[in-house]
Amino acid sequence: MQDRTKIKAILEAEESAILGKNVTVCGWIRTVRDQKSFAFIEISDGSCFSTIQAVADAKLPSYEAKIAELSTGAAIAISGEVVKSPGNKQKYEIQVSSIELFGTCPNDFPLQKKRHSFDFLRSIAHLRPRTNTQGAVARVRSRLAYATHRFFQERGFVYLQSPIITASDCEGAGELFQITTLNLDNPPRDKGKIDYKQDFFSKPAFLTVSGQLNAEAYATALSDVYTFGPTFRAENSNTSRHLAEFWMIEPEMAFANLNTVANLAEDYLKCLIQEALSCDQDMQFFNEHIDKGIIERLQHVHDSPFIRMTYTEAIDILKKSNKPFEYPVEWGSDLQSEHERYIAEEYCKKPVILTNYPKEIKAFYMRNNEDGKTVAALDVLVPKIGEIIGGSQREERYDILTKKIEAIGLDPHAYAWYLDLRKYGTVPHGGFGLGFERLVQFVTGIENIRDAIAFPRVPGQCEF
Ligand code: 4AD
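This one's a predicted model, so the numbers in the text were calculated from it and none came from an experiment.

Draft legend 1. A look at the domain arrangement of the protein. What the domain assignment lists for the protein is domain 1 (4–103) and domain 2 (128–174 + 209–451). Averaged C-alpha coordinates put domain 1 and domain 2 at centres separated by 45 Å. On the domain 2 side, the residues contacting the eight residues of domain 1 number eight residues. Buried surface at the junction of domain 1 and domain 2, summed over both partners, amounts to about 670 Å²; 41% is from carbon and sulfur atoms. If you look at where domain 1 meets domain 2, you find zero salt bridges. Joining domain 1 to domain 2, the criterion identifies six residue pairs in polar contact (both at pLDDT 80 or more). When its residues are assigned to classes, the side of domain 1 that touches domain 2 shows three nonpolar, four polar and one charged.

Structure (structure tokens):
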């Protein structure tokens, strides 16, 4: 397989460099059309959106037996000369000189060439990467991950791998998956309660909801850091925007205030949009088949400044809208998805950075504002998705943070290490978290977040 050539490399090559060359293409058959004196074999190898067509002549040795074995889904290697394609669908095709069949594909293969619903494709998530949509999502997602590292590395941020297993509830919202090695049929008990001293970590442990607290420890030493890893939320939300396991990018900056955080969020989101727009063929596909006009809309978002307004201003706008919202609009209550979408989609028609939320509805680590009512929080809302980024300036004052931890019923001893960061050389700092799957949804136009990740984990489902 050493001299295998990927389809992308062939299709992108200049005529002078590729025409007449002998190549070997390895991939999976999309279709075979046997015309008796020759056969058209369309192959995909996932290197790009396009397939390549190979033309096998009946003069090939044991032609009939070979072609009879080929079918949609089979894995093959085809060798032959690259020639100009007479059709206008693509530039080049391959004149086959030999075919090697690796894996046949019986005709119960579920991905025969026809349209399948996304619901059905989720039930065969191990095979759906072979579809146009999932192939394109996977490639764009990969490029966005690459662009993320490039963006932060170019700005001098250090990539931190924060832990997956933790004893802290970063958001203080109690949406944690507990992990244990205790025998759940008969756990050890002490005075009637489960004795976690006998558990693996000698105390209850969980999957992390966010790497932020750990990122703060590194930001208060290395100045600018970012994490990029899986996070877990045991919230029973069966919506098109929630996953139980999702990936988050969390930059954290020392010597930063809310404005520094907002500027970074806008620059980062625009960089990601630009990267997505450079995925030509995949984006063309989304534009034509998934969400008409998405390329133009993303370009508009990229080219215009984001709107910035306070939570209080947003509440005023929502109240004056006279829209029949399902959830009431009241200063002090959290914005629901319908409110966020109205602000971003209908009122502003572009991303909005909402700041200074009531302190009661935001996490304990956010910095209290001087008004005594709000905290230096921000959410970035985008059309169609709603919240894509959540962040804040952090409370860097030891006494105030201790009181905030106590006020929500968390044990300050459990957060002693986090409070130490305020005791030893504290500094104004802040950051945000971007939900990677919501980003993929936003740039591809995919309706359901379960189609923006390879193997979605949601309540009641943990297949594959
Ligand atoms: O607003 P969240 O909960 O913020 C944090 O976790 C902070 N610790 C981040 C920080 O300041 N470092 O989550 C951040 C983002 C949300 O804006 C959303 O895009 C995504 O994570 N998110 C989810 N994505 C998919 N499924 C879920 N259940 C999500 N919950 C949050």
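Draft legend 2. Region of interest: the nonpolar core. Core analysis: the biggest nonpolar cluster contains 51 residues, and Leu144, Leu269, Ile388, Leu434, Leu439 and Phe442 have the highest contact counts within it. Among the elements that make up this core, the one with the highest residue count is helix α7 (residues 258–277) (12 residues). Not counting chain neighbours up to four residues away, the residues in contact with Ile388 comprise Leu269, Val380, Val382, Gly433, Leu434, Gly435, Arg438, Leu439 and Phe442. With 34 residues, the next largest nonpolar core counts Leu176, Ile317, Phe364 and Tyr415 among its residues.

Draft legend 3. Inspection of the packing of aromatic side chains at higher detail. On inspection of all chains with the given rule, the structure shows 21 aromatic pairs. Among the aromatic residues, those joined into a ring-pair cluster are Phe151, Phe152, Phe157, Tyr159, Tyr226, Tyr268 and Phe432. Between the NZ or CZ atom of Arg155 and the centre of the ring of Phe151, over which it lies, the distance is 3.6 Å. Here Lys362 stacks its cationic end above the ring of Tyr357, 4.2 Å away from the centre of that ring.

Draft legend 4. Quick peek at the packing of helix α5 (residues 132–154) against α7. Interaxial distance between α5 and α7 falls to 9 Å at its minimum, and their mutual angle equals 140°. What the angle tells us is that α5 and α7 run oblique. The handedness of the crossing between α5 and α7 is right-handed. In this structure, α5 uses Arg143, Leu144, Ala147, Thr148, Arg150, Phe151 and Phe152 to contact α7, whose residues at the interface are Leu264, Asp267, Tyr268, Cys271, Leu272, Glu275 and Ala276. Classifying every residue of the contact of α5 with α7 gives nine nonpolar, one polar and four charged.

Draft legend 5. Structural detail: the site of the ligand. As a matter of local geometry, the ligand sits amid 25 residues, with Glu171, Gln212, Glu250, Glu387 and Ile388 nearest to it. Within the contact set of the ligand, an oxygen atom lies 3.4 Å away from a backbone nitrogen or oxygen of Ile389. Within the backbone of Phe432, one N or O atom sits 3.4 Å away from a nitrogen atom of the ligand. Within the complex, 93% of the 630 Å² of free accessible area of the ligand lies under protein. Among the elements that take part in the shell around the ligand, strand β17 (residues 386–393) stands out by supplying five residues, more than any other.

Draft legend 6. Quick peek at the pattern of salt bridges. Following the criterion strictly, the structure yields 25 salt bridges and no others. Residue Lys8 is joined to Glu12 by a salt bridge in which the shortest nitrogen-to-oxygen separation is 3.0 Å. With Lys8 and Glu12 both in helix α1 (residues 7–12) and four residues apart, the pair spans about one turn of that helix. For Arg241, the salt bridge identified is with Glu340, shortest N-O distance 3.8 Å. In this pair, Arg241 is assigned in the loop between β12 (224–232) and β13 (245–254) and Glu340 in helix α11 (residues 337–347), connecting sequence segments 99 residues apart. Like Arg241, the residue Glu340 is buried in the burial classification.

How each quantity is defined
- Residues numbered from 1 in each chain as written.
- Predicted model: local features only at pLDDT ≥ 70, side-chain atom pairs only at ≥ 80, totals over all residues.
- Heavy atoms only, no water.
- Domains from an automatic or database assignment.
- Contact = heavy atoms within 4.5 Å.
- Buried area = accessible area lost by both parts, 1.4 Å probe.
- Salt bridge = Lys/Arg side-chain N within 4 Å of Asp/Glu carboxyl O.
- Polar contact = N/O pair within 3.5 Å; in protein donor to acceptor, adjacent residues only side chain to side chain.
- Nonpolar A, V, L, I, M, F, W, Y, C, P; charged D, E, K, R; others polar.
- Core = buried A, V, L, I, M, F, W, Y, C linked by side-chain atoms within 4.5 Å.
- Buried < 20%, exposed > 50% of the residue type's maximum accessible area, 1.4 Å probe, protein only.
- Helix = DSSP H or I, 4+ residues; strand = E, 2+ residues; numbered from the N terminus.
- Phe/Tyr/Trp six-rings, centres within 6.5 Å; stacked < 30°, edge-to-face > 60°.
- Lys NZ or Arg CZ within 6 Å of the ring centre and 35° of its normal.
- Axes fitted to C-alpha atoms, helices over the stretch in contact; angles between N-to-C directions.
- Parallel < 35°, antiparallel > 145°, perpendicular 65-115°, else oblique.
- Left-handed = near helix turned anticlockwise from the far one by under 90°.
- Near = heavy atom within 4 Å.
- Areas by Shrake-Rupley, 256 points an atom, 1.4 Å probe, with all protein chains shown as cover.

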